[in-house]
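Single-letter residue listing:
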Amino acid sequence: MGNTHKKPYGRGDGGPHAESNNSHYDHRRNRGGSSDKYKVSQDSKEKITNGSSKRGSTASVQGDQSSSGKATPVGGNARETVNLDAPCGALPPPLARLKNEGNLLFKKGQFADALEKYSQAIQGYTDSGIDSPEDLCILYSNRAACYLKDGNSQDCIQDCTKALELQPFSLKPLLRRAMAYESLERYRKAYVDYKTVLQIDISVQAAHDSVNRITRLLIEQDGPEWREKLPEIPMVPLSAQQHRREDGHVTSRRAEVCFSALKQEGNDFVKKGQYQDALGKYTECLKLKPEECAIYTNRALCYLKLERFAEAKQDCDAALKLEPTNKKAFYRRAMANKGLKDYLACSSDLQEVLQQDPNVQEAENELEEVTKLLRQSLANASPAKPRKPVPITEVSTVFVFI
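Residues numbered from 1 in each chain as written. Predicted model: local features only at pLDDT ≥ 70, side-chain atom pairs only at ≥ 80, totals over all residues. Heavy atoms only, no water.

As for the UniProt feature "repeat: TPR" (unreviewed entry) in the chain
Put simply, the test is: UniProt positions are given in the numbering used here, feature names are shortened, and annotations may be inferred rather than shown by experiment. Going along the chain from the N terminus, every DSSP run of H or I of four or more residues is numbered as a helix, and every run of E of two or more is numbered as a strand.
When the UniProt feature table is mapped onto this chain, "repeat: TPR" (unreviewed entry) is found at residues 259–292 and 293–326. In residues 259–292, the share of helix is 79% and the share of strand is 0%. The end C-alpha atoms are 10 Å apart.

Encoded structure:
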């Protein structure tokens, strides 16, 4: 794993650790080698690029000790210095110093030099015979960041893959590999890695943006069946998700923001008649808030429009467990039962709607029609001829999604 002198320089996660002012997380496609192609917002950049895959192993941003022992300013700022002799996990002092030097060089934008330091640290790790997969994972991930900055996507992918073999579901190597795949227009693999990132941390907005962008590209490339051509998206264990969670309050707030955004996207898709896309958004919402009644009724509407009546009924059942008097859930379950030709159950739900609100005209109209269908079905003792599909309509603003 450590024999990586294929290139004369190294990749980076230590650099990313100290890279609060750099921007190697751009989500624009990179066909060349310009590091300017990897930029995102400050918030996303700091979340994704800073810190190690192991808590507490980040080199302290305090004093850049020169060989003389004096603190050296970072980027010309005398207040912001890095201690090059700061400990790094289980790495021996010489390797820790190499990593810290790589971090400092990365922060200064000297990516080729940083890459060399990380490569030396990786080789030194192999020669030393120590056993610390987390530290080696960070070194590979750091070096990958340098490759990504230099536009060397193929080597970035290789180092990220090595990092992930050492520490599965490590967030930064996954995100860097996704970006490298995207720059090579390997969109299916990029999509899988971005979706895996979001399983680990739903608040990574850069991954949300990339998924939306790549989804459009895959639809253009592969057509309506694009999902069937994707590699399998791995299931991230709960332990890996929890390991990446930040302070509970911050995480909750970010989850709320993501939930609201996903719900709005779903509502927008419904307005456009894109029910399959809306269904996906509502499903993502339920991963964040599995007890949100309105999302179940919204998704039930999508299932109705797609004539997936059994699933629509299940969502309405779930909504009614949460809110036993939810009028919308009763009405949409009635429509699902109508689609399933269970006219008795449909009639019962419609009567419940009208009992709650006698002014719901479409419920009254549906009850009248379903009553006729029920009488007809009861009158037919023998199997009836196939009936025409039953139209499912919803016209009143009373039942529009929320």
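Re unusual backbone geometry
Condition: When a residue's accessible area, from a 1.4 Å probe over protein chains only, is under 20% of the maximum for its type it is buried; when over 50% it is exposed; and in between it is partly exposed.
With a phi close to 65°, Phe-169 is a non-glycine residue in the positive phi region. Tracing the sequence through the fold places Phe-169 in the loop between α6 (153–166) and α7 (171–183). On the accessibility criterion, Phe-169 (23% relative accessible area) is partly exposed.

Focus on the confidence of the model for the chain
Going by this rule: pLDDT is a residue-level measure of predictor confidence that goes from 0 to 100. Here a residue-residue contact requires only that any non-hydrogen atoms of the pair lie within 4.5 Å.
Here the chain averages 79 in pLDDT, and 72% of its residues register 70 or above. Within the chain, the element-level pLDDT minimum falls on strand β1 (residues 64–65), averaging 35, and the maximum on α6, averaging 97. Predicted confidence for residues 1–14 stays below pLDDT 50, and this span has 76 contacts to residues more than four positions away or in other chains. A low-confidence stretch, residues 74–78 (pLDDT under 50), is modelled with seven contacts involving residues beyond four sequence positions or located in other chains.

What about the packing of aromatic side chains?
The condition is simple: In this scheme Phe, Tyr and Trp rings, the latter by its six-membered ring, pair at centre separations within 6.5 Å, and the angle between planes marks the pair as stacked below 30 degrees, edge-to-face above 60, and tilted otherwise. Two conditions define a charge located above a ring, namely a distance within 6 Å from the ring centre to NZ of Lys or CZ of Arg, and an angle within 35 degrees of the ring normal.
In this structure the tally under the stated criterion is two aromatic pairs. Geometrically, the ring pair formed by Phe-106 and Phe-111 is edge-to-face, given 5.0 Å between the ring centres and 65° between the ring planes. Judged by relative accessible area, which is 10%, Phe-111 ranks as buried. Here Lys-289 stacks its cationic end above the ring of Phe-259, 4.5 Å away from the centre of that ring.

Focus: the pattern of salt bridges
Inclusion rule: Salt bridges are defined as contacts in which a side-chain nitrogen from Lys or Arg sits within 4 Å of a carboxyl oxygen from Asp or Glu.
For the structure on display, the rule yields 19 salt bridges. Residues Asp-85 and Arg-97 are paired through a salt bridge, measuring 2.8 Å at the closest nitrogen-oxygen approach. Within this pair, whereas Asp-85 is found in the loop between β3 (77–81) and α3 (93–107), its partner Arg-97 is found in helix α3, the two being separated by 12 residues in sequence. Residue Asp-85 is classed as partly exposed on the basis of its relative accessible area, which comes to 48%. For Asp-349, the salt bridge goes to Arg-333, with nearest N and O atoms at 2.9 Å. In this pair, Asp-349 is assigned in helix α16 (residues 343–356) and Arg-333 in helix α15 (residues 327–339), connecting sequence segments 16 residues apart. For Arg-333, a relative accessible area of 18% gives the class buried. A cluster of three or more residues bridged by salt bridges with shared partners is formed by Asp-85, Arg-97, Glu-101 and Lys-117.

Quick look at the state of the cysteines
Stated precisely, the cut-off is as follows: A pair of sulfur atoms, both from cysteines and within 2.5 Å, is called a disulfide here.
As enumerated under the stated definition, the model contains zero disulfides in all. Cysteine Cys-156 remains unbridged, with the sulfur of Cys-160 as its closest cysteine sulfur at 4.0 Å.

With respect to the packing of helix α13 (residues 293–305) against helix α14 (residues 309–322)
Condition: Lines fitted to C-alpha atoms define the axes here, with helix axes fitted over just the stretch in contact, and angles between the N-to-C directions of these axes take values from 0 to 180 degrees. In this scheme, roughly parallel covers angles under 35 degrees and roughly antiparallel covers those over 145, while 65 to 115 is roughly perpendicular and the rest are oblique. Here a crossing is taken to be left-handed if its near helix is turned anticlockwise relative to the far helix by less than a right angle, and right-handed if that turn runs clockwise. All amino acids are sorted into three groups, where Ala, Val, Leu, Ile, Met, Phe, Trp, Tyr, Cys and Pro are nonpolar, Asp, Glu, Lys and Arg are charged, and the leftover types, Gly among them, are polar.
The N-to-C vectors of α13 and α14 enclose an angle of 165°; their axes lie 8 Å apart at closest approach. One element, α13, and the other, α14, form an angle in the roughly antiparallel class. Crossing of α13 against α14: the hand is left-handed. Two secondary-structure elements touch here, α13 through Cys-293, Tyr-296, Thr-297, Arg-299, Ala-300, Tyr-303 and Leu-304 and α14 through Phe-309, Glu-311, Ala-312, Asp-315, Cys-316, Ala-318, Ala-319 and Leu-322. Here the contact of α13 with α14 is composed, by residue class, of 11 nonpolar, one polar and three charged.

Topic: the packing of helix α12 (residues 275–288) against α13
One way to put it is that α12 packs onto α13 with a least axis distance of 9 Å and a crossing angle of 155°. Taken together, the axes of α12 and α13 are roughly antiparallel relative to one another. α13 is crossed by α12, and the crossing has left-handed handedness. Of the residues in α13, those touching α12 at Tyr-275, Ala-278, Leu-279, Tyr-282, Thr-283, Cys-285 and Leu-286 are Ile-295, Tyr-296, Asn-298, Arg-299, Cys-302, Tyr-303 and Lys-305. Residue composition of the contact of α12 with α13, grouped by class: 10 nonpolar, two polar and two charged.

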